[in-house]
Amino acid sequence: MSVRHFGICLAYGPTADLRKEGLGRLLIAFLKAAVTRDDVRFVIACPEWSRDGFLTLCESEGIPSSGFDLVSTGGVPVGLRIALAWRARKQHAPKESRFFSLAAWLRSRAEDSRARLERRLMATHSVVAWIALVLTAAAIGLAFVPLLGLLMICRALYSRLRRWGRSISRILRLNLAPGLLLSLFVRPGEESPVVRLYRMMEDAEGERLLKKINSLRHVQAWYCPTAFWPVFNRITAPRLMCVPDVLPSEFPIGFAGLEPELAKSFEILEHSIRGGERFVTYSARMKWDTLVGRYLIPPAAVEVVPHACWDLRGSITLRGLPDNERVTTHYCQQLLEGAFRRAGFNDYTKALASGSSRFIVYASQFRPNKNVITLLRAYEYLLRKRFIADKLILTGDPARFPAVGAFIRERSLQNDVLCLHGLTAPELAACFHLAELAVNPSLSEGGCPFTLTEALSVGTPVVMARISVTEEIITEPELRDMMLFDPYNWRDVAARIEWALHHREPLLAAQNELYARLRRRTWRNVVDDCVGVLESLVEAPARAGGGQ
Amino acid sequence: MTEPLPRVMWLLSHSTAREFEIAMLKKLGFAEVFLPKSFPMEAGFRSASVDYSEDARLSIPPDDLAILNAADWYSDPGRDVWQIANKHFQVLFFIVQSSSFLSSMARHFQGVAILRAYGLSQDMSYDRILLHYGQGTRMLDGLGRRLWMGTAYEHIASIEPPWLRRREVYLPAGLDDCRVRGDWTGHDPTLLFVCPEVATNPYYMQIYRKFKTWFADFPYVVGGAQPLMPNDPHVLGFVPADAYRRNMREFRVMFYHSTEPNHVHYHPFEAVRAGMPLIFMGGGILDRFGGDGLPGRCSSYEEARHKVRRILDNDRKLINEIRFSQPRLLNGLHPETLQPLWRQGMEQVVDSLRSLPPSTLSRKPRIAVILPVPYRGGTLRSAKLLAQALLAGSRQFDEKADVVFAYPHVPEEGADKWDEGLPPEIPRRSLTWLALEAAAARRAMKFAGHSAWGPTAERYLAMDDGMQQFCDCDLWIIVSDRLSAPLLPIRPYILLIFDYLQRYDAAFPENADYAFLAAARAAARVLVTTRFTEGDALAYGGIARERLFRVPMLIPERPTVECAHREAGDSHFLWTTNLAAHKNHLNAVRALREYYEVLDGRLECRVTGADTKDLLKSELPHIQPLRALVSESKVLAKKLRPLGELPEMLYQRQLATASFLWHPAQVDNGTLSVVEAAQLGVPSLSSRYPAMEEMNERFGLHLAWMEAGDPSQMARQLKWMEEHGPSVRSRLPGTNALAAHSVEEVASEYWKVVRECL
């Protein structure tokens, strides 16, 4: 059987951790299924800086490296190596210096000697011995006087230098730096110099990657899982670009308030879409509203390839003991307690017994489309007016989206709304498994939110926003009425959550039927769909998208 | 050991250890051994199993055995179970799995307890574990000389501090069968590395990662139980017995990584028994088993790689050298070799049992019921009812106990004396709070015999009664969690918590309640009286489920005043409240205004409760707006009558003649006033919230409901009550129905929980 080669272009930045990227999870699920096809072999092209991380991730996920080919740029820019080394040094916990270890040792020895001397001094019956001891003590004391003096001088000098250092850094920080230095490099609203340099490096590495890709003549067509990498559009072979979403266009004000760098990323994204040929999206809404509606891409150039079902059981379901269900729950509690401790907001959270708390979970980053404030309003109402006992666990970082943190503080909800960001995959699975209910109030997504199958896979029911990408998947009217709410009305969000908490079992039973249906679509189906589109590109290369 | 030997409880579940140790105990003459029939469902218990085979040899009544078999010996089996254990057993072996087991055993077991110490990782000691689970040595102090540390390896007590070293008894670990089998072939040129839990346990994850960095280029497989299978084709996971035997017979070599000086796994010995060459790292405990100098020993990973490579390449000379020399490792595990040591150790234990001081005639336990803050009203009344319930409960169980009642010293008395209504057999004490700095706290604990206790807070609270600072009491029960700093843990304490109102207050300052929550988490037990507060104690308080107990709400005896004759018609209704924010004053007064001005309400509203005489004068931010509301409405000013806090008799009279009782609070743990009202034939109109719904359901009160957030609806309900008084009254529960919930009737529920802490 002849084997056809297709490529996947990955141009993640050097600091991206694929394990934590949603796209990374999708890629792994895709590859796991892709290696099961005998007639197709994928070639992964990425910058050298992603190579080790990618291979480690594949190994930990049980994807044999023999199942695909990997090509990379072959080297890491010197500037990046320096930057990474600097970052690693900053992250590394400071080691105790040898000087301080020696000082501690000397001090403990000195304390022992002093105690011995005092004991002898007070115990001796002999006047001669007593005088001899006093004289010895005095001599030792005298010998230490110069050393003591020197230490005092050093200490005074050190404090003076620290004071000067603080004054200088204050002047630089408050007056000089913004006024003079930064203005040389940054214009208001533009990227910071570091980000600009970083992007230059990414571009240069992108060029190298492109050269490499274009030299691979045996690869018949290329797939790119996102639209953030403009280099993809310059591949000479047929190309298929996935556009997960274009959220800033729907939430312009919300995203405008986030990192200024987003403006540049958005520019790149639009440029990539406009220069693309063939596309896939995860939902029909994304195809029609965004690509066809906003970017005027011909409908025939866009295929919809929905996700397959997620199954988190593999990360937490333990086996081999008499009561596997209890062992699994205990393991999940341990994982969650670990997450509480790591989050370490305060002693309250660190000491929480995860087995005691009932909670609702919304697993998502904090972004303008995620509708977190509405959920918080609904939750506060449920907690304080409807007296549900549950806590609310969120998985975003309030430091990166201050409105959430402010709301929680203003309403004094710190002990009930816990933000556990940076969860590992098993911790996330544990969180879903232990939750009473999963909620997803997101106003807009590129495809049906992962929450649906993630929660159901570990036996937790879900209530979600009534948005079109979700309704594409949940088609039964009764089930929609049961589990969907109006995300623009916090009272409706609250009412649906309260109903679900009181009708957990019937809701779960109905959703298990849905899950059984959704499980029929596997990642192999997703791969087959994508391969089908790639094959069609090879057979009849389209030029439908324009190509700038 | 000529006298009959005591029965033994071997409260462990490790299969291999059990095989050896039970056989050894039998050889020494301990003919009757009890084994636990369950173990924690945790991944760490991967080598555990349940064995019923010893039950047939136990000459104890089958009913007692059934109770012991049903008990959880890794947590708190309960006082009654311990009493049965004490009847039949004098020696027990245990491991430390939970704080609840340790405290329960220390409190209730009367024989000798042997902590089975198989050694720990290098950075851990039994002292640290016991101090962690035992809150210092506070729990273990109760065991005194009856606690032994049964070390499995001779040297492991040397790293422990003197208090534990003094308790050492050497009971070496061994293997029931140390014969070397002769069927190893080594046909499969694969390296066997045993490493359990590689996907779930960070300790083993680390070990496996290190192994891979050195041996990934060899053909290898990983054995050991894997509760969660990693995505790694090298990991075998569970293998059936046949496959396991085949693996031990056919794999070429085993590598053992551990350099832990105090702990060893069983699998390297299994390899030696199978005749499989064992390559192991030197510096670990195997050196003590004669491993030092063996050809399979390696000083470095480079050396280990080199030797493994030679064996995989079928270097027969090295293979034979290793195989023929390594049985030396089993010498120290032979039952015959170890029997004299076990005999010596167990003789020590049995001698100590015989030389225990006779149990002194125990005095009656004394329990202090303490109000930490000078609460009045419902909280004070509940505290007094609790004291009465404990007294009654102890009598019902025929386990007499003294109960004392303590109240903060107050210069001024309120409407009633704080101890009004308390039975004379409950002595009273006044208390003042002492704050002890950390150093003084340490001294106090040391003086009390808790030498290993160390402070973790800057300041501790202690209670001064002018006598022995409540140290004459065996248990303190604090009514509410309002402790501004940790309580000095010189005695165990229980908290009775009514509510977590701060959870429902959006203006509550961040972390202002942390000390309260911490006090509850450190309590031996926490009592709550409603499902609602139980939910909050778990979800908000973060209290471990096994220490939280829901007990029935206590209701006062039937008031002594007579029910009112109503021929003359009703003149008023009674609003019982205080000035706390959750009492919902603003909505209540808005509702009253509407009731009088819009709905032509006829009944006067009489307000009673602590501080209510200041209802229209207080400067509290949530009370201030009432003044304007009342001054704007003549009829409201006329009909709203604050009575202040009334003496009990006067209050009852006001209540008995009221048309109904009004309870417009937003949320709390429920109010007893509605029960008292029902006892006097007076119905109640209450806000609808979970605790009141629970009370309504429990006592069959047929409460009328209103929404605390909707003043208009509240007003309409007031009018409805005015108009439907007789029909509502007719649905009230009868005297007998309420008597079924009296203190005497539910006292045993309280005693069952509290007696476990004595």
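The residue numbering used here restarts from 1 in each chain and proceeds along that chain's sequence as written. Going through the entries in the order they are written, you letter the chains from A and number the ligands from 1. Confidence filtering applies because this is a predicted model: local features only for residues at pLDDT of at least 70, side-chain atom pairs given and counted only at 80 or more, and all residues used for totals across whole chains, interfaces and linings. Computation of side-chain values covers all heavy atoms of the structure but excludes hydrogens and water.

Engineer: Residues and numbers for the overall build of chain B, please.
Structural biologist: Within chain B, the secondary structure is distributed over 27 helices and 25 strands. Overall, the C-alpha framework of chain B stretches about 110 × 60 × 50 Å when taken along its three principal axes. Residues are treated as being in contact if the distance between any of their heavy atoms lies within 4.5 Å. Taking all contacts inside chain B whose residues are at least 6 apart in sequence as the whole, residues at least 24 apart take part in 69%. Here the Shrake-Rupley method, with its probe set to 1.4 Å, supplies the accessible areas, and only the displayed protein chains count as covering residues. For chain B, the exposed area adds up to about 31,200 Å²; of that, 51% sits on carbon and sulfur atoms. Every helix listed is a DSSP run of H or I at least four residues long, and every strand listed is a run of E at least two residues long, numbered separately from the N terminus.

Engineer: Describe the interface of chain B and chain A, with residues and values.
Structural biologist: Across the boundary between the two partners, chain B contributes 39 residues, which contact 42 residues of chain A. Note on chain B versus chain A: buried area summed over both sides is about 3,000 Å², and carbon and sulfur give 54% of it. A quick way to say it: buried area is the sum, across both parts, of accessible area lost when two parts are put together, with a 1.4 Å probe. Taken as a group, Met41, Asn231 and Arg503 of chain B account for 22% of the area that chain B buries against chain A, more than any other trio of residues on that side. Salt bridges are identified by distance alone: a Lys or Arg side-chain nitrogen within 4 Å of an Asp or Glu carboxyl oxygen. Applying the counting criterion to the chain B and chain A interface returns 2 salt bridges. Taking the shortest distance from any N to any O, the salt bridge between Lys212 of chain B and Glu59 of chain A comes out at 3.3 Å. Between N or O atoms, a polar contact is any pair within 3.5 Å; within protein, one atom must be a potential hydrogen donor and the other a potential acceptor, and residues adjacent in sequence are included only when both atoms are from side chains. Taken together, the links from chain B to chain A amount to 12 residue pairs in polar contact (both at pLDDT 80 or more). Taken together, the elements giving at least two residues each to the side of chain B that touches chain A come down to α16 (514-521) and α17 (531-539) of chain B. Residue composition of the side of chain B that touches chain A, grouped by class: 21 nonpolar, 9 polar and 9 charged. Gly is placed with the polar residues, together with every amino acid not listed as nonpolar (Ala, Val, Leu, Ile, Met, Phe, Trp, Tyr, Cys and Pro) or charged (Asp, Glu, Lys and Arg).

Engineer: Report on the environment of Ser673 of chain B, specifying residues and quantitative values.
Structural biologist: Residue and element names in this part refer to chain B. Following the sequence through the fold, Ser673 ends up in helix α22 (residues 673-679). Only protein chains enter the accessibility calculation, which uses a 1.4 Å probe; a residue is then buried when its area is under 20% of its type maximum, exposed when over 50%, and partly exposed in between. Classification of Ser673 as buried rests on a relative accessible area of 8%. Remark: the alpha-carbon pair of Ser673 and Ser684, spanning 11 residues in sequence, is separated by 8.9 Å. If sequence neighbours within four positions are ignored, Ser673 has contacts with Thr576, Tyr651 and Leu661.

Engineer: Any details on the side chain of Arg146 of chain B? Residues and values, ideally.
Structural biologist: Residues and elements named next belong to chain B. Assignment of secondary structure puts Arg146 in the loop between α6 (138-141) and β5 (147-151). Separated by 2.9 Å, the side chain of Arg146 and the backbone oxygen of Gly111 make a polar contact. When near neighbours in sequence (up to four residues on either side) are disregarded, Arg146 contacts Phe109, Gln110, Gly111, Val112, Ala113 and Leu356.

Engineer: Go over the packing of aromatic side chains, please, and point to the residues and values.
Structural biologist: Think of it this way: a Phe, Tyr or Trp ring, Trp meaning its six-membered ring, pairs with another when their centres are within 6.5 Å, and the plane angle makes it stacked under 30 degrees, edge-to-face over 60, tilted otherwise. Applying the stated criterion to the full structure yields 43 aromatic pairs over all chains. Their ring planes at 15° and their centres at 6.4 Å tell us that Tyr208 of chain B and Phe211 of chain B sit as a pair that is stacked. With Tyr208 of chain B and Phe211 of chain B both in helix α8 (residues 202-215) and 3 residues apart, this pair spans about one turn of that helix. Here the two residues Tyr208 of chain B and Phe211 of chain B agree in accessibility, since each one is buried. When the ring of Phe573 of chain B is compared with that of Trp662 of chain B, the centres are 5.8 Å apart and the planes differ by 85°; the resulting orientation is edge-to-face. Separated by 89 residues along the polypeptide, Phe573 of chain B in strand β20 (residues 572-576) and Trp662 of chain B in strand β23 (residues 661-663) bring together distant segments of the chain. Classification of Phe573 of chain B as buried rests on a relative accessible area of 0%. Cluster of aromatic residues (ring-pair linked, three or more members): Phe193, Tyr208, Phe211, Trp214, Phe215, Phe218, Tyr220, Phe255 and Tyr301 of chain B. Here, over-ring charges are defined by two tests on the NZ atom of lysine or the CZ atom of arginine: distance to the ring centre within 6 Å, and angle to the ring normal within 35 degrees. It is Arg25 of chain A that lies over the ring of Trp310 of chain A; its NZ or CZ is 4.6 Å from the centre. Lying over the aromatic face of Tyr381 of chain A, Arg491 of chain A brings its terminal NZ or CZ to 5.6 Å of the ring centre.

Engineer: Got a sec to walk through the sheet that holds strand β7 (residues 302-304) of chain A? Specific residues and values, please.
Structural biologist: Residue and element names in this part refer to chain A. Here the rule is simple: two strands pair whenever DSSP picks up at least two bridges between them. What the 7 strands build is an open sheet, ordered β3-β2-β1-β4-β5-β6-β7; its pairing is parallel. The open sheet has two free edges, formed respectively by β3 (69-72) and β7, since each of these has just one partner strand. Strand-to-strand, the axes of this sheet are offset by a mean angle of 25°, without reference to chain direction. Interaxial angles span 0 to 180 degrees and are taken between N-to-C directions of axes, which are lines fitted to C-alpha atoms, for helices over the stretch in contact. Relative to β3, helix α2 (residues 48-60) is tilted by about 150°, and along the sheet it contacts β2 (40-46) and β3.

Engineer: How would you sum up the nonpolar core? Please name residues and give values.
Structural biologist: With 197 residues, the main nonpolar core has Leu394, Leu452 and Ile497 of chain A together with Leu390, Phe405 and Trp476 of chain B as its most contacted residues. No other element matches helix α14 (residues 377-396) of chain B, which puts 9 residues into this core. Among buried residues, those of type Ala, Val, Leu, Ile, Met, Phe, Trp, Tyr and Cys that are joined through side-chain atoms within 4.5 Å constitute a nonpolar core. Formed by 118 residues, the second largest nonpolar core is a distinct cluster that contains Ile84, Leu102, Ala173 and Met254 of chain B.

Engineer: Describe in detail the pattern of salt bridges, supporting the description with residues and values.
Structural biologist: The full count for this structure, using the stated rule, is 82 salt bridges over all chains. One continuous salt-bridge network, built from bridges that share partners, spans Arg4, Arg37, Asp39, Arg524, Asp528 and Glu535 of chain A.

Engineer: Talk me through the confidence of the model for chain B; I want residue IDs and the actual numbers.
Structural biologist: For chain B, mean pLDDT is 90; residues scoring 70 or higher make up 97% of the total. With pTM at 0.79, the complex prediction returns an ipTM value of 0.77. pLDDT is defined as a per-residue confidence score from the predictor, taking values between 0 and 100.

Engineer: Provide a residue-level description of the pairing of strand β8 (residues 359-362) of chain A, including the pertinent values.
Structural biologist: All names here are of chain A. Here β8 shows a buried face lined by Phe359 and Val361 and a second buried face lined by Ile360 and Tyr362. With 4 bridges connecting them, β8 and strand β9 (residues 391-394) associate as parallel partners. Pairing of Tyr362 across the sheet is with Leu394, part of β9. Every crossover in which the path from the first strand over the helix to the second runs clockwise, viewed with the strands pointing away from the viewer, is termed right-handed. In this fold, β8 hands off to helix α13 (residues 372-384), which returns the chain to β9; that crossover is right-handed. As paired elements, β8 and strand β11 (residues 437-440) share 2 bridges and run parallel to each other. The residue of β11 that forms the bridge with Ile360 is Leu437.

Engineer: Summarise unusual backbone geometry; cite the residues concerned and give the values.
Structural biologist: Residue and element names in this part refer to chain A. Residue Phe387 is not a glycine yet carries a positive backbone phi of 60°. Of note, the phi angle at Ser412 is positive, near 55°, even though the residue is not glycine. Among the structural elements, Ser412 can be located in the loop between α14 (402-410) and β10 (417-419). For Ser412, a relative accessible area of 13% corresponds to the buried category.

Engineer: Please provide a residue-by-residue account of the confidence of the model for chain A, values included.
Structural biologist: Residues and elements named next belong to chain A. On average, residues of chain A carry a pLDDT of 84, and 88% of them reach 70 or more. By mean pLDDT, helix α5 (residues 127-185) is the weakest element of chain A at 68, and β11 is the strongest at 98. The low-confidence segment residues 171-186 (pLDDT under 50) makes 12 contacts with residues lying over four places distant or belonging to another chain.

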